[in-house]
Amino acid sequence: GNSVTQMEGPVTLSEEAFLTINCTYTATGYPSLFWYVQYPGEGLQLLLKATKADDKGSNKGFEATYRKETTSFHLEKGSVQVSDSAVYFCALSDYLSGNEKLTFGTGTRLTIIP
Amino acid sequence: DTGVSQDPRHKITKRGQNVTFRCDPISEHNRLYWYRQTLGQGPEFLTYFQNEAQLEKSRLLSDRFSAERPKGSFSTLEIQRTEQGDSAMYLCASSLGWDTDNYGYTFGSGTRLTVV
């Protein structure tokens, strides 16, 4: 079956530091990959996505590249801000195989200190 | 359109009681999904609807759980004879489907259930 393994947290960084949150996956088909973010008291929001190998998703300064050879989709940001403090979830969907559900990792709590 | 709405935001119930949650999706979205998120974990799929048809149910959805989407609009999730293990955040999401360029879910803020 499908699974997502995500870097365990919590992660605490100083403002303007470089961020990497690791994500690897196992899938039976050819999945699409996602990063979702959950700010305190809010619902999950789609941060970025990629649908095929070597695609790079990007949004709000965050980037992630779909690496089929290493089955990875690591999230990066060059200079984090206090407002980036949230929980980040890596997820996949094998919808091309008719499986529309999302499989999530366990989430990584990120705290940015001024 | 204000997005996906879930009601109530919080529910505290005694063990053995029945509870029902409601989800109102984005109006033009034909897909509706329910997920459950326990503390420190990622959301886990429960079930999904395309219009009014329930197309898939997870093994997590025991006989005590039932979901409906009459007329393909709002959806309800009912839990009968609640147990402490049912305490979780119940998330609803909707989408236009995966055959569009703008695919992806829109999640609601969730209903937090506490069973005491």
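Use the structure listed above.
This write-up is about the structure you can find in this document. Predicted model only: the values in this text are computed from it and were never measured. (Residues numbered from 1 in each chain as written. Chains lettered and ligands numbered in written order. Predicted model: local features only at pLDDT ≥ 70, side-chain atom pairs only at ≥ 80, totals over all residues. Heavy atoms only, no water.)

**Some words on the overall build of chain B**
And step 1. Scanning chain B from terminus to terminus reveals zero helices and 11 strands.
And step 2. Starting at the N terminus, the α and β elements of chain B follow one another as β-β-β-β-β-β-β-β-β-β-β.
And step 3. Taken over the C-alpha trace, chain B has a radius of gyration of 14 Å; the compact-globule value for 116 residues is 13 Å, and the two agree within 12%.
And step 4. Dimensions of chain B, computed from C-alpha atoms along their principal axes, come out at roughly 45 × 25 × 25 Å.
And step 5. Every one of the 116 residues in chain B was classed for burial, and the buried ones make up 48%.
And step 6. A sequence separation of at least 24 residues applies to 54% of the contacts in chain B between residues at least 6 apart.
And step 7. Of the roughly 6000 Å² of accessible surface on chain B, a fraction of 42% belongs to carbon and sulfur atoms.
And step 8. Charged side chains in chain B number 14 positive and 14 negative. The centres of these two groups are separated by 9 Å. (Helix = DSSP H or I, 4+ residues; strand = E, 2+ residues; numbered from the N terminus. Rg over C-alpha atoms; globule rule 2.2 N^0.38 Å. Buried < 20%, exposed > 50% of the residue type's maximum accessible area, 1.4 Å probe, protein only. Contact = heavy atoms within 4.5 Å. Areas by Shrake-Rupley, 256 points an atom, 1.4 Å probe, with all protein chains shown as cover. Lys, Arg positive; Asp, Glu negative; His and termini not counted. Charge placed at Lys NZ, Arg CZ, Asp CG, Glu CD.)

**A few points about the pairing of strand β7 (residues 56–59) of chain A**
When a strand is regular, its side chains alternate between the sheet's two faces.
Residue and element names in this part refer to chain A.
And step 1. Pairing analysis gives four bridges linking β7 to strand β8 (residues 62–65), with the strands arranged antiparallel. Across the sheet, residue S58 finds its bridge partner in β8, namely E63.
And step 2. The loop that links β7 with its antiparallel partner β8 comprises two residues; one of these, K60, has a positive phi angle of about 55 degrees. (Pairing = 2+ DSSP bridges.)

**Notes on the interface of chain B and chain A**
And step 1. Contacts between chain B and chain A engage 21 residues on the former and 19 residues on the latter.
And step 2. Carbon and sulfur atoms supply 52% of the area buried between chain B and chain A, which totals about 1700 Å² over both sides.
And step 3. Where chain B touches chain A, the interface holds two salt bridges.
And step 4. Between B:E56 and A:K101 there is a salt bridge whose closest N-O contact spans 3.3 Å.
And step 5. At the level of secondary structure, the elements contributing two or more residues to the side of chain B that touches chain A comprise β4 (31–37) and β5 (44–50) of chain B.
And step 6. No other element matches the four residues that β4(B) contributes to the side of chain B that touches chain A. (Buried area = accessible area lost by both parts, 1.4 Å probe. Salt bridge = Lys/Arg side-chain N within 4 Å of Asp/Glu carboxyl O.)

These figures capture arrangement, not role.
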